[in-house]
Amino acid sequence: MKQQRIVVKVGTSTLTHHSGALNLHRIEQLVRVLSDLSGMGHQVILVSSGAIAVGAARLNMPERPKELRLKQAAAAVGQCRIMHIYDKFFSEYNRTVSQILLTGDDVDDPIRAEHLTSTFGALLEMRVIPVVNENDSVSSAEIETGRHKVLGDNDTLSAIVAKLCRADLLILISDIDGLYDADPHAHPDAKLIRRVEALTPEILEMAGGAGSWRGTGGMATKLSAAKIATEAGCDMVITNGDRTEDLYGIVDGAEIGTRFLALK
């Protein structure tokens, strides 16, 4: 078995219940599988969403805040909460985690990016599992005003991390099975596309615009992430977070979800 450097991105919908509270059962399953993959000799990096949703729930906000300063306050509280949970669960499987919070400037500046690559390398050599998120309490100001939109979503962030770390595989855990050739809700006969060898105009069109079912479902950001990852020589897979055990098969190269092949 080839040992791989794997970046796993998990979204808010997988980590939390509809109430915004953490889905502890799902997180525990994910941590167990990632710890096991690490035990097999793979190097694992986790890119985790959910800080604003978790912070809002912790602060008893009736809904996700719309005002920027409240979003940033919720993110600061949520980030602390999420890391506490990850540290607790990973420790149960004898794994050490670290936290890395990134802004657009960190990945944009060549010197900072080089330091980041070195830091990731050192942590992975020591068998530490880095937990990465965008530094929302600082950088969402840039994202919301559009002045400096380098990251803006964790699909893109995870692809940039995969590129920085020279990863072999990026796995986007989502609430969908992968890329379909039509809207599976409207078209029961829609087919799941198993392999994408090149991001052709036809494939990119499947993401649709912001108002389409795919655009609102975040498929556009996933295809954008696929472009960054595959051009950096990294395979990318979109898979459903309901079946955490599928990660074993994906790492082994099984036909699960949609796999975008790295450019050779």
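The model shown is predicted, which means the values in this text are computed figures rather than measured ones.

## So, the overall build of the protein chain
For the protein chain, the helix and strand inventory stands at twelve helices and eight strands. Taken over the C-alpha trace, the protein chain has a radius of gyration of 18 Å; the compact-globule value for 264 residues is 18 Å, and the two agree within 12%. For the protein chain, the spread of C-alpha atoms along the three principal axes comes to 45 × 45 × 40 Å. Buried residues in the protein chain amount to 53% of all 264 residues. In the protein chain, the proportion of contacts linking residues at least 24 apart, taken out of those at least 6 apart, comes to 73%. Total accessible area computed for the protein chain in this model is approximately 12500 Å², and 51% of it derives from carbon and sulfur atoms.

## Things to note about the sheet that holds strand 4 (residues 129-134)
With respect to topology, eight strands assemble into an open sheet ordered 3-4-2-1-5-7-8-6, the strand pairing being mixed. Either end of the sheet is taken by a strand with one partner, and the two such strands are strand 3 (97-102) and strand 6 (195-196). Pairing geometry for strand 6 and strand 8 (residues 258-260), over two bridges, is parallel. Bridge assignment links Val196 to a residue of strand 8, and that residue is Phe260. Set on the sheet, helix 4 (residues 68-92) makes contact with strand 1 (5-10), strand 2 (43-48), strand 3 and strand 4; between it and strand 3 the angle comes to about 155°.

## Some remarks on the nonpolar core
In terms of nonpolar packing, the biggest core is built from 38 residues, with Val132, Val161, Leu170, Leu179 and Met236 touching the most fellow members. Counting residues per element, this core draws most heavily on helix 8 (residues 154-164), at six residues. Not counting chain neighbours up to four residues away, the residues in contact with Val132 comprise Ile45, Leu46, Val47, Ser48, Ile100, Leu102, Phe120, Leu157 and Val161. With 31 residues, the next largest nonpolar core counts Leu46, Val131, Ile250 and Val251 among its residues.

## Focus: unusual backbone geometry
A positive phi angle, close to 55°, is found at Asn60, a residue other than glycine. Position of Asn60 among the secondary structure elements: in the loop between helix 3 (51-58) and helix 4. Exposure remark for Asn60: the relative accessible area of 66% places this residue in the exposed category.

## Digging into the packing of aromatic side chains
Tallied over the entire structure, the rule returns one aromatic pair. Plain terms: the ring middles of Tyr86 and Phe90 are 6.2 Å apart, the flat faces sit at 40° to each other, and that makes the pair tilted. Here Phe90 and Tyr86 lie together in helix 4, a separation of four residues that amounts to about one turn. Exposure class is identical for Tyr86 and Phe90. Each is buried.

## Points about helix 4
Relative to the 36 Å expected for 25 residues at 1.5 Å per residue, helix 4 spans 36 Å between its end C-alpha atoms, a close match to the ideal helical length. Two residues or fewer after helix 4 comes Asn94, characterised by a positive phi angle close to 60°.

## Some points on the side chain of Ser98
Along the polypeptide, Ser98 turns up in strand 3. Once residues lying within four places of it in the same chain are set aside, the contact partners of Ser98 are Met83, Leu123, Val128, Ile129, Pro130 and Val131.

## Considering helix 11 (residues 219-231)
Taking 1.5 Å as the rise per residue, helix 11 with 13 residues should run 18 Å; its terminal C-alpha atoms sit 18 Å apart, in good agreement. Taken together, the buried positions of helix 11 are occupied by Met219, Lys222, Leu223, Ala225, Ala226, Ala229 and Thr230. Within helix 11, the buried residues cover an arc of 155° as seen down the axis, which keeps them to one side. Count one or two residues on from helix 11 and you reach Gly233, which has phi positive near 85°.

## Quick word on the environment of Leu170
By the secondary structure assignment, Leu170 is in strand 5 (residues 169-174). Considered as a pair, Leu170 and Ser13 are 157 residues apart in the sequence and their alpha carbons are 19 Å apart.

## Here's the deal with the pairing of strand 2
Counted residue by residue, strand 2 has six buried out of six residues, so it is predominantly covered. By the alternation rule, side chains of strand 2 split into Gln43, Ile45 and Val47 and Val44, Leu46 and Ser48, which are all buried. Bridging between strand 1 and strand 2 involves six bridges; their strand directions are parallel. Its bridge partner being in strand 2, Val8 is matched across the sheet by Leu46. Of the pairings in the sheet, the one linking strand 2 to strand 4 comprises two bridges and is parallel in character. Each residue of the ladder has a partner; that of Leu46, found in strand 4, is Val131.

The rules behind these values
- Residues numbered from 1 in each chain as written.
- Predicted model: local features only at pLDDT ≥ 70, side-chain atom pairs only at ≥ 80, totals over all residues.
- Heavy atoms only, no water.
- Helix = DSSP H or I, 4+ residues; strand = E, 2+ residues; numbered from the N terminus.
- Rg over C-alpha atoms; globule rule 2.2 N^0.38 Å.
- Buried < 20%, exposed > 50% of the residue type's maximum accessible area, 1.4 Å probe, protein only.
- Contact = heavy atoms within 4.5 Å.
- Areas by Shrake-Rupley, 256 points an atom, 1.4 Å probe, with all protein chains shown as cover.
- Pairing = 2+ DSSP bridges.
- Axes fitted to C-alpha atoms, helices over the stretch in contact; angles between N-to-C directions.
- Core = buried A, V, L, I, M, F, W, Y, C linked by side-chain atoms within 4.5 Å.
- Phe/Tyr/Trp six-rings, centres within 6.5 Å; stacked < 30°, edge-to-face > 60°.
- Expected span 1.5 Å × (residues − 1).
- Arc of directions from axis to C-beta.

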